[in-house]
Amino acid sequence: MIRLLLADDHPVVRAGLRAVLDAEADFVIVAEAATAERAVELAGDVDVVLMDLQFGTGTMHGAEATARIAALDDGPRVLVLTTYDTEADILAAVEAGASGYLLKDAPPEELAAAVRTAASGRSALAPAVADRLMGRMRAPAEALSRRELEVLRHVRDGLSNAEIARELFLSQATVKSHLVHIYAKLGVDSRTSAVARATRDGLLRRR
């Protein structure tokens, strides 16, 4: 049996997942968590965690919880299940150690297959997510790095260079250097244009 933990702050979503996954003879849902913090606490007793990225309660993001779970000795696999398909979210989850990344509109059979794939130690990626990652591999010089995406996300949120430097523990000169590279890669010449282009291209979430 594959033991599952459902980590999502919406009770209706958890109920829907339970209804789908309970129909699989080799799955057993042993716990649910409404916060990322609680998911980390419960992760030691399961094989696969189905992890949302954004939680309305608590202070921890799903990617941070994923990193903490991935760092556990003999810890479970984490399958991110979210509505977000932006490059910033995908990279954060993959770099945190997620074994898979699936969107919530995936059909039940795809979800069940992804759970089994993750449980076996292999990667389970939604087709759209795989396409994004392949695009980065084909043109690495044009792709924004994880750090550049973090800087740009803070720009979108209205932070100044000094504030971004404090948030990311960087010097202001480094922040400016990242912005120069961002502008060049996106073909823009301003903060506003960079955010608009990244949002249009699915690199950042819309606020």
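One can find the structure itself at the top, above this paragraph.
Residues numbered from 1 in each chain as written. Predicted model: local features only at pLDDT ≥ 70, side-chain atom pairs only at ≥ 80, totals over all residues. Heavy atoms only, no water.

Engineer: Got a sec to walk through the environment of Val78? Specific residues and values, please.
Structural biologist: Mapped onto the fold, Val78 is located in strand β4 (residues 77–82). Judged by its relative accessible area of 2%, Val78 is buried. Considering only alpha carbons, one finds Val78 and Ala118, 40 residues apart in sequence, at a separation of 7.4 Å. Not counting residues up to four positions away in its chain, the partners in contact with Val78 are Val49, Met51, Thr66, Ile69, Ala98, Ser99 and Gly100. (Helix = DSSP H or I, 4+ residues; strand = E, 2+ residues; numbered from the N terminus. Buried < 20%, exposed > 50% of the residue type's maximum accessible area, 1.4 Å probe, protein only. Contact = heavy atoms within 4.5 Å.)

Engineer: Any chance you could break down the packing of helix α7 (residues 146–156) against helix α10 (residues 191–200) for me, citing the residues and the numbers?
Structural biologist: The contact between α7 and α10 brings their axes to 10 Å, and the two run at 110 degrees. By the angle class used here, α7 and α10 are roughly perpendicular. Remark: the crossing between α7 and α10 carries left-handed chirality. Packed against α7, whose contacting residues are Leu152, Val155 and Arg156, the element α10 presents Arg191, Ala194, Val195 and Ala198 at the interface. Of the residues that constitute the contact of α7 with α10, the class distribution is five nonpolar, no polar and two charged. (Axes fitted to C-alpha atoms, helices over the stretch in contact; angles between N-to-C directions. Parallel < 35°, antiparallel > 145°, perpendicular 65-115°, else oblique. Left-handed = near helix turned anticlockwise from the far one by under 90°. Nonpolar A, V, L, I, M, F, W, Y, C, P; charged D, E, K, R; others polar.)

Engineer: Before we move on, can you summarise the side chain of His154 with the specific residues and values?
Structural biologist: Considering the arrangement of structural elements, one finds His154 in helix α7. For His154, a relative accessible area of 13% gives the class buried. Excluding anything up to four places from it in sequence, His154 contacts Leu159, Ile164, Glu167 and Leu168.

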